[in-house]
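Close look at the chain arrangement
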Amino acid sequence: MTKSIHKSNMTPIKYADATKSVRHVFVRDLLLESSIGIYDHEKIRTQKILVNVDLSVTEETSPLKDDYENVVCYEKVVKAIQNIVNSGHVELVETLAGKIADMNLIDPRVIAVRVSVEKLEAIENTKSVGVEIERHKN
């Protein structure tokens, strides 16, 4: 008896696409201390998390003029993530990932976002556990 392999019906984000004037902006392996988790011991101390973000961003039709105000700035993305993480305890990694995705989709130039949040100290004998979500503008 052979097992059938089911493929996902989700279309992955094509981050950069010259034919559609889309660029890829990303943050890799942002290491933060976070108050996150459902258990009592997770509510009394912070733990290390790793955040990754991929953004599909429409390119401006006007020249960039070498000015970071004319692009989606990864430094601003990082600071916004830090503000979300530092704003208080979150029970679920799914909730934190959703907040990060929603924050990025506020920018009208961002058309899609993928966020992963990994807890690095949650489960013994694992490198990390977590979640990855993808959101698109309608």
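If you're wondering where the values come from, they're calculated on a predicted model, not measured in any experiment.

1. A look at unusual backbone geometry
In the Ramachandran plot, Asp-29 falls in the positive-phi region, its phi being about 55° despite a non-glycine side chain. Asp-29 gets classed as partly exposed once you look at its relative accessible area, which sits at 48%. A positive phi angle, close to 70°, is found at Asn-125, a residue other than glycine. If you trace the backbone, Asn-125 turns up in the loop between strand E3 (110-119) and strand E4 (129-136).

2. Describing the sheet that holds E3
Read from one edge to the other, the open sheet built from 4 strands follows the order E1-E2-E3-E4, with strand pairing classed as antiparallel. In the strand order of this sheet, the two ends are held by strand E1 (22-34) and E4, each with one partner. The average undirected angle you get between the axes of adjacent strands in this sheet is 10°. Contacting E1 and strand E2 (47-58), helix H2 (residues 74-85) crosses the sheet at an angle of about 35° to E1. Running at roughly 155° to E3, helix H3 (residues 93-105) makes contact with E2, E3 and E4 of the sheet.

3. As for the environment of Val-77
Structurally, Val-77 is set in helix H2. With residues near it in sequence (within four places) discarded, Val-77 still touches Val-27, Leu-55, Val-72, Met-103 and Asn-104.

4. What to know about H3
Here H3 contains 13 residues, and its C-alpha end-to-end distance of 18 Å stays within 8% of the 18 Å for a straight helix at 1.5 Å per residue. Buried residues along H3 sit in contact with E2, H2, E3 and E4.

5. Brief notes about the pattern of salt bridges
Within this structure, the stated rule accounts for 10 salt bridges. Of the charged contacts, one joins Lys-43 and Glu-91 as a salt bridge, the two residues approaching to 3.0 Å between their closest N and O atoms. One end of the pair, Lys-43, is in helix H1 (residues 40-43); the other, Glu-91, is in the loop between H2 and H3, with 48 residues separating them in the sequence. The partly exposed category is assigned to Lys-43, whose relative accessible area is 37%. Ionic pairing is found between Glu-132 and Arg-114, a salt bridge with its closest N-O pair at 3.7 Å. Of this pair, Glu-132 sits in strand E4 while Arg-114 sits in strand E3, and the two are 18 residues apart along the sequence. Classification of Arg-114 as buried rests on a relative accessible area of 16%. Taken together, the shared-partner salt bridges in this structure form one network comprising Arg-114, Glu-132 and Glu-134.

What counts as what
Residues numbered from 1 in each chain as written. Predicted model: local features only at pLDDT ≥ 70, side-chain atom pairs only at ≥ 80, totals over all residues. Heavy atoms only, no water. Buried < 20%, exposed > 50% of the residue type's maximum accessible area, 1.4 Å probe, protein only. Helix = DSSP H or I, 4+ residues; strand = E, 2+ residues; numbered from the N terminus. Pairing = 2+ DSSP bridges. Axes fitted to C-alpha atoms, helices over the stretch in contact; angles between N-to-C directions. Contact = heavy atoms within 4.5 Å. Expected span 1.5 Å × (residues − 1). Salt bridge = Lys/Arg side-chain N within 4 Å of Asp/Glu carboxyl O.

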